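# A closer look at the structure
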Amino acid sequence: MLSCSNPDWGYLHRGASRMHEHALAILFLAEAKGRLDLQDLKERLTAAVELTVRSQNEEGGFGYELFAMESELTVTATVIEALAVARRRGIAVPDSTFV
């Protein structure tokens, strides 16, 4: 999973991945962080979470692509769940992300 992450940018992808896959990768890494104490994992998870939070649109949701103007319900639900798990694992996620 770590091989699919860009440590400089934070986007978790393999090829033409989209936001659903990115969010599921965050969920996977957050669960792994709960079991493993690896600095590289924490850094990549943190970068992915920060990128995701920045991509939240004005509606408070998330779309199929990063920085999408329109929200999509299933993508938003997946992203919020992934961010909540990351937060429970000690990754900073602003309260405003969940409102």
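Here is a short report on the structure shown in this document. Since we're looking at a predicted model, the values are computed, not measured.

## Notes on unusual backbone geometry
Non-glycine residue Phe 67 carries a positive phi angle of around 60°. Summarising the element assignment, Phe 67 is placed in the loop between α2 (39-54) and α3 (73-88).

## A word on the nonpolar core
Of all hydrophobic cores here, the largest spans 22 residues; its most connected members are Ile 26, Leu 45, Val 49, Val 79 and Leu 83. Going through the elements one at a time, α1 (19-33), α2 and α3 are the ones with two or more residues in this core. In contact with Leu 83, other than residues within four places in its own chain, are Val 49, Thr 52, Val 53, Phe 62, Val 93, Thr 97 and Phe 98.

## A few points about the packing of α1 against α3
Where α1 meets α3, the closest approach of the two axes is 8 Å, and the angle between their N-to-C directions is 20°. Between α1 and α3, the interaxial angle falls into the category roughly parallel. For the element pair α1 and α3, the recorded crossing hand is left-handed. When α1 is examined against α3, the residues Met 19, His 20, Ala 23, Leu 24, Ile 26, Leu 27, Ala 30 and Glu 31 are found in contact with a partner set consisting of Thr 74, Val 75, Thr 78, Val 79, Glu 81, Ala 82, Val 85 and Ala 86. Counted by class, the contact of α1 with α3 contains 11 nonpolar, 3 polar and 2 charged residues.

## A closer look at the packing of α1 against α2
Two elements in contact, α1 and α2, have axes separated by 10 Å at closest approach and are oriented at 145°. For α1 against α2, the interelement crossing comes out left-handed. Across from Met 19, His 22, Ile 26, Leu 29, Ala 30, Ala 32 and Lys 33 in α1, the residues of α2 making contact are Leu 41, Lys 42, Leu 45, Ala 48, Val 49, Leu 51 and Thr 52. A breakdown of the residues in the contact of α1 with α2 according to their chemical character gives 10 nonpolar, 2 polar and 2 charged.

## Here we look at the environment of Gly 90
Locating Gly 90 in the fold gives a position in the segment after α3. The exposure class assigned to Gly 90 is exposed, which follows from its relative accessible area of 57%. Residues Gly 90 and Lys 42, spaced 48 residues apart in sequence, show a C-alpha to C-alpha distance of 9.3 Å.

## Digging into the side chain of Ser 55
Tracing the backbone shows Ser 55 in the loop between α2 and α3. Classification of Ser 55 by relative accessible area gives buried; the value is 3%. In terms of polar contacts, Ser 55 uses its side chain to reach the backbone carbonyl oxygen of Thr 52, at 2.8 Å. Aside from chain neighbours lying at most four places away, what touches Ser 55 is Met 19, Phe 62, Leu 66 and Phe 67.

## Some thoughts on the pattern of salt bridges
Enumeration according to the criterion identifies 4 salt bridges in this entry. For Arg 89, the salt bridge identified is with Glu 31, shortest N-O distance 2.9 Å. On the criterion of sequence distance, the pair formed by Arg 89 in the segment after α3 and Glu 31 in helix α1 is long-range, its members being 58 residues apart. Residue Arg 89 is classed as partly exposed on the basis of its relative accessible area of 27%. Taking relative accessible area as the criterion, Glu 31 reaches 28% and is therefore assigned partly exposed. Arg 87 is the salt-bridge partner of Asp 95, the closest N and O atoms lying 2.1 Å from each other. Using a relative accessible area of 34% as the deciding quantity, one classes Arg 87 as partly exposed.

Calculation notes
- Residues numbered from 1 in each chain as written.
- Predicted model: local features only at pLDDT ≥ 70, side-chain atom pairs only at ≥ 80, totals over all residues.
- Heavy atoms only, no water.
- Helix = DSSP H or I, 4+ residues; strand = E, 2+ residues; numbered from the N terminus.
- Core = buried A, V, L, I, M, F, W, Y, C linked by side-chain atoms within 4.5 Å.
- Buried < 20%, exposed > 50% of the residue type's maximum accessible area, 1.4 Å probe, protein only.
- Contact = heavy atoms within 4.5 Å.
- Axes fitted to C-alpha atoms, helices over the stretch in contact; angles between N-to-C directions.
- Parallel < 35°, antiparallel > 145°, perpendicular 65-115°, else oblique.
- Left-handed = near helix turned anticlockwise from the far one by under 90°.
- Nonpolar A, V, L, I, M, F, W, Y, C, P; charged D, E, K, R; others polar.
- Polar contact = N/O pair within 3.5 Å; in protein donor to acceptor, adjacent residues only side chain to side chain.
- Salt bridge = Lys/Arg side-chain N within 4 Å of Asp/Glu carboxyl O.

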